[in-house]
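# Remarks on the overall topology
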Amino acid sequence: QVQLVESGGGSVQAGGSLRLACVASGYTLSMAWFRQAAGNEREGVAVIRVARGTTIYADSVKDRFTISQDRVENAVYLQMNSLKPEDTAMYYCAANTEPTAGAWSASTSYNTWGQGTQVTVSS
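Keep in mind it's a predicted model, so treat the numbers as computed, not measured. Numbering of residues starts from 1 in every chain and runs along the sequence as written. Where local features are concerned, this predicted model is filtered to residues with pLDDT of at least 70; where side-chain atom pairs are given and counted, the filter is 80 or more; whole-chain, interface and lining totals use all residues. With hydrogens and water set aside, each side-chain value is computed from the structure's full complement of heavy atoms.

Turning our eyes to something else, we now look at the sheet that holds strand E8 (residues 75-80). Reading across the sheet, the four strands line up as E1-E3-E8-E7 and stay open at both edges, with antiparallel pairing between neighbours. The outermost strands of the open sheet, each flanked by one partner alone, are strand E1 (4-7) and strand E7 (65-70). With direction set aside, neighbouring strand axes in the sheet form an average angle of 15°. Two strands pair under a simple rule: DSSP has to find at least two bridges between them. Helical segments are the DSSP runs of H or I of at least four residues, strand segments are the runs of E of at least two, and each set is numbered from the N terminus. Here strand E3 (residues 18-24) pairs with E8 via six bridges, running antiparallel. Residue leucine 20 lies in a different strand from E8, and its bridge partner there is leucine 78. Think of each axis as a best-fit line through the C-alpha atoms, taken over the contacting stretch in the case of a helix, with angles from 0 to 180 degrees between the N-to-C directions.

Written out as structure tokens, the structure reads:
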């Protein structure tokens, strides 16, 4: 089973930037970022299809976040700019290693998850 290791979380002031990284131990078809604030439902943030580099974003982050990949390293990144306090959450990397018919923003579309990295944005 593919393992995912996340890094790059931390605490920043509103308006600042962070870049998250997720490295997979093997090949994946798609890699995505989810986030979950305390007590809230897990939310899809962005996804990238590895083969084509196609990306999709949640409306709430579309103009501020950028997902990218390094296919050689089996890594995906999330560049987060203009951070807001409402971006505070645990961020999870997710991947699917086999095709699924589910929507990109559905947790059930992914069969591998990272441990999470905390992002805290202060005012």
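Turning our attention to the layout of surface pockets. In this analysis a 1.4 Å probe is tested at points of a 1 Å grid over the protein atoms alone, and where it fits but cannot get out there is a cavity; an open set with protein on both sides within 12 Å along at least five of seven lines is a pocket; lining residues have an atom within 4 Å of a point. Grid points are joined across faces, edges and corners, and a volume is the space filled by probe spheres set on the points. In this model, the largest pocket occupies a volume close to 200 Å³. In terms of lining residues, the largest pocket is bounded by 13 residues, among which Ser30, Arg49, Asn96, Thr100 and Gly102 are the most central. A breakdown of the residues in the lining of the largest pocket according to their chemical character gives seven nonpolar, five polar and one charged. Ten residue types, Ala, Val, Leu, Ile, Met, Phe, Trp, Tyr, Cys and Pro, are classed as nonpolar, four, Asp, Glu, Lys and Arg, as charged, and the remainder, Gly among them, as polar.

Only a pair of cysteine sulfur atoms within 2.5 Å counts as a disulfide in this structure description. For the coordinates displayed, the defined rule picks out one disulfide. In this model cysteine 22 forms its disulfide with cysteine 93; the gap between the sulfur atoms is 2.1 Å. Residues cysteine 22 and cysteine 93 are joined through a disulfide that is left-handed, its torsion about the S-S bond being -85°. Of the two residues, cysteine 22 sits in strand E3 while cysteine 93 sits in strand E9 (residues 89-96), which places them 71 residues apart along the sequence. The two residues cysteine 22 and cysteine 93 agree in class, both being buried. Accessible area is worked out with a 1.4 Å probe on protein chains only. A residue is then buried under 20% of its type maximum, exposed over 50%, and partly exposed in between.

The subject of this paragraph is the nonpolar core. Nonpolar cores were defined as sets of buried Ala, Val, Leu, Ile, Met, Phe, Trp, Tyr and Cys residues, with membership established by side-chain atoms within 4.5 Å. Among the nonpolar cores identified, the biggest contains 28 residues, and Met31, Trp33, Leu78, Met80 and Tyr91 are the most heavily contacted of them. Among the secondary structure elements, those contributing two or more residues to this core are E3, strand E4 (30-36), strand E5 (43-49), E7, E8, E9 and strand E11 (117-122). Membership of the second largest hydrophobic core comes to five residues, among which are Ala32, Phe34, Val47 and Tyr110.

Basic side-chain nitrogens of Lys or Arg form a salt bridge, by our definition, when they fall within 4 Å of a carboxyl oxygen of Asp or Glu. This structure, assessed with the given rule, holds three salt bridges. Here aspartate 87 ties to arginine 35 by a salt bridge, and the two come within 2.9 Å at their closest N and O atoms. Here aspartate 87, found in the loop between E8 and E9, pairs with arginine 35, found in strand E4; they are 52 residues apart in sequence, far enough to count as distant. For aspartate 87, a relative accessible area of 1% gives the class buried.

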